[in-house]
Protein chains: 2
Amino acid sequence: TIVKVLEEEQKKKQLLKGVKVLITAGPTREKIDPVRFFTNPSTGKMGYALARQASSLGAEVTLVSGPVGLSTPAGVRRIDVTTAEEMYHQVLEHYPASELVIKSAAVADYRPRVTYDQKMKKTPGEYVVEMERTRDILMELGERKEHQYLIGFAAETQDVEEYGRQKLKSKNLDAIVINNVSEEGAGFGVDTNVSLWLTKDGEQKSFPLMSKDDLAKRIIEEAARQMKGDYA
Amino acid sequence: TIVKVLEEEQKKKQLLKGVKVLITAGPTREKIDPVRFFTNPSTGKMGYALARQASSLGAEVTLVSGPVGLSTPAGVRRIDVTTAEEMYHQVLEHYPASELVIKSAAVADYRPRVTYDQKMKKTPGEYVVEMERTRDILMELGERKEHQYLIGFAAETQDVEEYGRQKLKSKNLDAIVINNVSEEGAGFGVDTNVSLWLTKDGEQKSFPLMSKDDLAKRIIEEAARQMKGDYA
């Protein structure tokens, strides 16, 4: 009946009412000097879609965002960062108070060991950039997890499912969204994704080719369902 | 009189009528692997403003563009490239037929010596990226210059004017636009610039803080004036 459909819609609108959600989005930039840096092709679309979706379901969303060209979804509190180190500090600060945490940012895993304040002058021939690891934010979130429901992303180009399962376990996640970024219509810069959803309880779902908005909806609904014990 | 103003406007509209203009814009990306690359903060705004302006003055504009989030100005023929090497080939191909050439792209001057087809796996500890020089597109344009009026940009953080003068000469340019990108309101990602215009004939003009659209207008008008001998 129409009444039932409307009731369902109404219920969905409240699905995350008052739930504190922390989402990370976009790339980070790791500078060599003021005009040169290492980064990745993340546009932030997935994370922003997740933030929009969670907010529309009543959540209190904090979005920690790397440099992207997107506008902030309505009702979302956005914190801008540039480097992996800045993202680390913002995420860790907001983690204790968060209930649902989705780490969709593509954080650089390496950064130049030395950053120059002035533009480096070109010299003939080769030069070598020494890179060091950035902090593993997701690992840290997994280790410090208490009441949080923690979702990670894996973007791989080969052995995608196997690597995703390993990451789910090694980072102590509750669920993971696995993308094969070398597949047509998946990954960085495009508006769609093809993904696999795995939970630590062994649940597995294939999300076929769909828009990042639709995928965000599916992820948020799955997460809300999993968290239901706590928030029903 | 109104008639005079309208006549002036009409004349300006025809300022570059039929002139073949080649403009480069945006950053380039130099890959380490499918999800990691080296780049710079150029958003392409300056180059796109130049293309829009030249086109509105009647020029036939070809815009060779690195990856940016901007839409193509009306009437402009846009060629998308990603790497410095791709930009080199496109620019060199269109150079002989061009009359006014403005190189506003922030082409990476180094690229990783080796690019991996698959995503590199993280390993503990440091690693080293060996970088090699990309080709110097502007130098090559200067060397091959025949009938072209060639304008370059310099983005510096110190000794700005001196470096700009050297570049004007060493690259055999006709004019150069020098920006101090460490100045407030100048450079990458912002909508304004503060610049110095120098020509090989020793002309010098300061362009105070203005929008990139206004700066584009000034540059195009200066260029048209300088080229007037040929196109009046």
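Above this note sits the structure.
Residues numbered from 1 in each chain as written. Chains lettered and ligands numbered in written order. Predicted model: local features only at pLDDT ≥ 70, side-chain atom pairs only at ≥ 80, totals over all residues. Heavy atoms only, no water.

A. Spotlight on the overall build of chain A. Counting secondary structure elements, chain A contains six helices and twelve strands. For chain A, the C-alpha radius of gyration of 19 Å lies close to 17 Å, the compact-globule estimate for 232 residues. With the principal axes as the frame, chain A shows a C-alpha extent of 75 × 35 × 30 Å. Looking at chain A as a whole, 53% of its 232 residues qualify as buried. Surface summary for chain A: the accessible area is close to 10,900 Å², and the carbon and sulfur share equals 49%. Within chain A, one finds 34 positive and 35 negative side-chain charges whose respective centroids are separated by 3 Å. (Helix = DSSP H or I, 4+ residues; strand = E, 2+ residues; numbered from the N terminus. Rg over C-alpha atoms; globule rule 2.2 N^0.38 Å. Buried < 20%, exposed > 50% of the residue type's maximum accessible area, 1.4 Å probe, protein only. Areas by Shrake-Rupley, 256 points an atom, 1.4 Å probe, with all protein chains shown as cover. Lys, Arg positive; Asp, Glu negative; His and termini not counted. Charge placed at Lys NZ, Arg CZ, Asp CG, Glu CD.)

B. A look at the relation of the copies chain B and chain A. Taken as rigid bodies, chain B and chain A are interconverted by a rotation of 180° and an axial shift of 0.0 Å, the fit giving an RMSD of 0.1 Å. As the rotation angle and translation indicate, the two copies are arranged about a two-fold axis. A high fraction, 100%, of the interface residues of chain B reappear at the interface in chain A, so the copies pair face to face through one surface. (Least-squares fit on C-alpha atoms with pLDDT ≥ 70 in both. Contact = heavy atoms within 4.5 Å.)

C. Region of the structure containing the sheet that holds strand E2 (residues 30-33) of chain A. Read from one edge to the other, the open sheet built from four strands follows the order E2(A)-E3(A)-E3(B)-E2(B), with strand pairing classed as antiparallel. In this open sheet, the two edge strands, each paired with only one partner strand, are E2 of chain A together with strand E2 (30-33) of chain B. Between one strand axis and the next, the sheet turns through 20° on average, direction left out of account. Judged from the three bridges that link them, E2 of chain B and strand E3 (residues 36-39) of chain B form a sheet pairing that is antiparallel. Residue pairing for E3 of chain B: Asp-33 of chain B is matched across the bridge by Arg-36 of chain B. (Pairing = 2+ DSSP bridges. Axes fitted to C-alpha atoms, helices over the stretch in contact; angles between N-to-C directions.)

D. Just helix H3 (residues 84-94) of chain A, in detail. All names here are of chain A. Listed in full, the buried residues belonging to H3 are Ala-84, Met-87, Tyr-88, Val-91, Leu-92 and His-94. In a view along the axis of H3, the buried residues occupy a sector of 165°, so they form one face of it. In this fold, the buried residues of H3 make contact with strand E1 (20-25), E2, strand E4 (60-65), strand E5 (77-80) and helix H4 (137-143). (Arc of directions from axis to C-beta.)

E. Local environment of the sheet that holds strand E9 (residues 149-156) of chain B. Residue and element names in this part refer to chain B. Taken together, the eight strands give an open sheet; going across it, the order is E5-E4-E1-E6-E9-E10-E11-E12, and neighbouring strands pair in mixed fashion. The open sheet has two edge strands, strand E5 (77-80) and strand E12 (204-211), and neither has a second partner. Within the sheet, the average angular offset between the axes of one strand and its neighbour, ignoring direction, is 15°. Bridge count for strand E1 (residues 20-25) against strand E6 (residues 100-103) is four bridges, and the pairing is parallel.

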